[in-house]
Amino acid sequence: MTIDTAEVLDLDRCLEKLYAGTLLSERVLESLSFKAKEIMIGYKNIVEVSSPITIVGDIHGQFYDLLEIFKIGGYIPDTNYLFLGDYVDRGYHSIETISLLIVLKIKYPNRITLIRGNHESRQITTNYGFYTECITKYGVDSKVWSIFTDLFDFLVLSAIIDNKLFCIHGGLSPNIQDIQSISVIDRFKEIPHDGAMADLMWSDPDVEILNFRNSSRGAGYQFGINVVNKFLKLNGFEKIYRAHQLCNDGYQIFWKGKVNTVWSAPNYCYRCGNKASILEIMGSESDNFRFNVFDASPDSEKELIEIEDNNNEEWNELNNNRSMIKKAAYVEYFM
Ligand SMILES: [Mn+2]
């Protein structure tokens, strides 16, 4: 009891373990989750932050690539970070990934902002890897999956940088004209199937259309340039930054930069061969940013080989899950 309590209070010890790729105990995770909720319950749905700040897109459990991001982009608290969501599912290290981000959030609350993605959901994590990873690594009787999915309900929905850059995981919604419509959402719940909260996490830009149309993902909308222009003008914003879609080059620019996708999972699912990026916003001048593009970490590839060679039974379920990931990737490739 005393040892665990000491460990909980010792955030530096937690960071040391996590940076080394070691899992924390369930009891420690429970305490960390409680502390993180205490911090995030006071946040509005839209968080206001300032440059310089580095934006990170989807991670999807690719923990060694997250470590690579800190290596190339700077460590917290020396660099400020805004993460756009989808921390879990798909990759093999969702627990390590979300554990590290949560400890950093508790230790440096003003240096790291965590937005909710469509995968920070009970329903989606049940099907795309995180649930399986939790019971594989902590046992079927563990509460680790519930501890994290309950915490996901507290993540914020969006952020605004320097009063002019609007940041979300997915995209816009026919139910959101001005940002007041976001402020009034009760976000402390599972992501609904439809409505404004779901659309923020599920929608995608589409250069082929002008307005809204239903998304082939089965949730959210595709939105065109008229929607973007109207939203930016009404709210006095310059640009929209979002994640949620795989980009071969690590990022994608729509409509001369009015909408931009940041994708931060290189060689997605250890098989897509894509590049990744983080977006470094150095100052509030409109041209003071750069997409810092990177490839998969050599450690990430090494880890994959270790998993493939490992006959240990505890990995069997993860490997089964991996086959499922491969099959599912064709069905909903961009999720
Ligand atoms: Mn997504």
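Values in this document were obtained by computation on a predicted structure and should not be read as measured data. (Residues numbered from 1 in each chain as written. Predicted model: local features only at pLDDT ≥ 70, side-chain atom pairs only at ≥ 80, totals over all residues.)

J.: Which parts of the structure should I look at to understand the overall build of the protein?
T.: The helix and strand inventory of the protein stands at 13 helices and 14 strands. Here the protein holds 335 residues, and 45% of them are scored as buried. A fraction of 70% describes how many contacts in the protein between residues 6 or more apart in sequence connect residues 24 or more apart. (Helix = DSSP H or I, 4+ residues; strand = E, 2+ residues; numbered from the N terminus. Buried ≥ 20, exposed ≤ 12 C-beta atoms within 10 Å, placed from the backbone. Contact = placed C-beta atoms within 7 Å.)

J.: Explanation requested: the sheet that holds strand 7 (residues 204–205) in the structure shown.
T.: To summarise the sheet geometry, strands pair through backbone hydrogen bonds and adopt either a parallel or an antiparallel arrangement. Ordered in space as 7-9-8, the 3 strands form an open sheet in which the pairing is mixed. Across the chains shown, the open sheet's two edge strands, defined by having one partner strand only, are strand 7 and strand 8 (212–214). Sheet topology places strand 8 next to strand 9 (residues 221–223); 3 bridges connect them, and they run antiparallel. Each residue of the ladder has a partner; that of Asn-214, found in strand 9, is Tyr-221. (Pairing = 2+ DSSP bridges.)

J.: Would you mind showing me how to read the pairing of strand 2 (residues 53–56) here?
T.: In regular strands, side chains alternate between the two faces of the sheet. Residues Ile-53 and Ile-55 line one face of strand 2 and the alternating positions Thr-54 and Val-56 line the opposite face, and both faces are buried. Here strand 2 pairs with strand 13 (residues 276–281) via 4 bridges, running antiparallel. Across the sheet, the residue bridging to Val-56 is Ile-278, located in strand 13. As paired elements, strand 2 and strand 3 (residues 81–83) share 3 bridges and run parallel to each other. Residue Val-56 lies in a different strand from strand 3, and its bridge partner there is Phe-83. Regarding topology, helix 4 (residues 63–73) serves as the crossover connection from strand 2 to the parallel strand 3, and that connection is right-handed. (Right-handed = clockwise from strand over helix to strand, strands pointing away.)

J.: Please explain the pairing of strand 11 (residues 251–254) as it appears in this structure.
T.: In this structure, strand 11 lies alongside strand 12 (residues 259–262), joined through 4 bridges in antiparallel fashion. In the strand pairing of strand 12, Gln-252 is matched with Thr-261. Hairpin connection, strand 11 to strand 12: the antiparallel pair is bridged by 4 residues, and Trp-255 has positive phi, about 45 degrees.

J.: Explanation requested: the UniProt feature "domain: Serine/threonine specific protein phosphatases" (unreviewed entry) in the protein in the structure shown.
T.: When the UniProt feature table is mapped onto this chain, "domain: Serine/threonine specific protein phosphatases" (unreviewed entry) is found at residues 115–120. Along residues 115–120, the helical share is 0% and the strand share 0%, with 10 Å between the first and last C-alpha atoms. (UniProt positions renumbered as here; feature names shortened; annotations may be inferred.)

J.: Would you explain the sheet that holds strand 10 (residues 239–242) in this entry?
T.: Read from one edge to the other, the open sheet built from 6 strands follows the order 1-5-6-10-12-11, with strand pairing classed as mixed. The open sheet terminates on both sides in strands that have one partner only, identified here as strand 1 (46–49) and strand 11. On average, adjacent strands in this sheet sit at an angle of 20 degrees to one another, irrespective of strand direction. Looking at chain direction, strand 1 and strand 5 (residues 158–161) are connected through 4 bridges and run parallel. Among the inter-strand pairings, Val-49 is bridged to a residue of strand 5, identified as Ile-161. (Axes fitted to C-alpha atoms, helices over the stretch in contact; angles between N-to-C directions.)

J.: Any chance you could explain the environment of Ser-297 here in plain terms?
T.: Structurally, the position occupied by Ser-297 is in the loop between strand 14 (289–294) and helix 12 (298–309). Ser-297 gets classed as buried once you count the C-beta atoms within 10 Å, which come to 21. For the pair Ser-297 and Asp-65, spaced 232 residues apart in sequence, the C-alpha to C-alpha distance is 5.4 Å. Ignoring sequence-local partners within four residues, the contact set of Ser-297 consists of Tyr-64, Asp-65, Leu-67 and Glu-68.

J.: Is there a simple way to explain helix 2 (residues 11–19) in this structure?
T.: One turn of the α-helix equals 3.6 residues, which is why residues spaced by three or four share an orientation. If you check which residues of helix 2 are buried, you get Cys-14, Lys-17 and Leu-18. Down the axis of helix 2, the smallest arc covering the buried residues is 95 degrees, so these residues share one side. Along helix 2, exposed side chains directed more than 90 degrees from the buried face belong to Asp-12 and Glu-16. As for helix 2, its buried residues are in contact with helix 3 (26–40) and helix 5 (94–107). Gly-21, located one to two residues past helix 2, shows a positive phi value of around 80 degrees. (Arc of directions from axis to C-beta.)

J.: I keep staring at the nonpolar core and nothing clicks. Help me out?
T.: The tendency in soluble globular proteins is for nonpolar side chains to be buried as a group. Among the nonpolar cores identified, the biggest contains 83 residues, and Ile-55, Ile-115, Cys-167 and Val-262 are the most heavily contacted of them. Examining the composition of this core, we find that 7 residues originate from one element, helix 5, more than from any other. Not counting the four nearest positions on each side in its chain, Ile-115 is found in contact with Phe-83, Leu-84, Gly-85, Leu-155, Val-156, Leu-157, Ser-158, Ala-159, Cys-167, Ile-168 and His-169. (Core = buried A, V, L, I, M, F, W, Y, C linked by C-beta atoms within 7 Å.)

J.: Honestly, the environment of Val-207 in this entry has me stumped. Any pointers?
T.: The topology assignment puts Val-207 in the loop between strand 7 and strand 8. Taking the C-alpha atoms as reference, Val-207 lies 7.4 Å from Phe-254; in sequence the two are 47 residues apart.

J.: Can you help me understand helix 4 in this one?
T.: In terms of residue burial, helix 4 counts as a mostly covered element, since 8 of its 11 residues are buried. The set of residues buried in helix 4 consists of Phe-63, Tyr-64, Asp-65, Leu-66, Leu-67, Glu-68, Ile-69 and Gly-73. Backbone geometry just after helix 4 places Gly-74 at a positive phi near 100 degrees.

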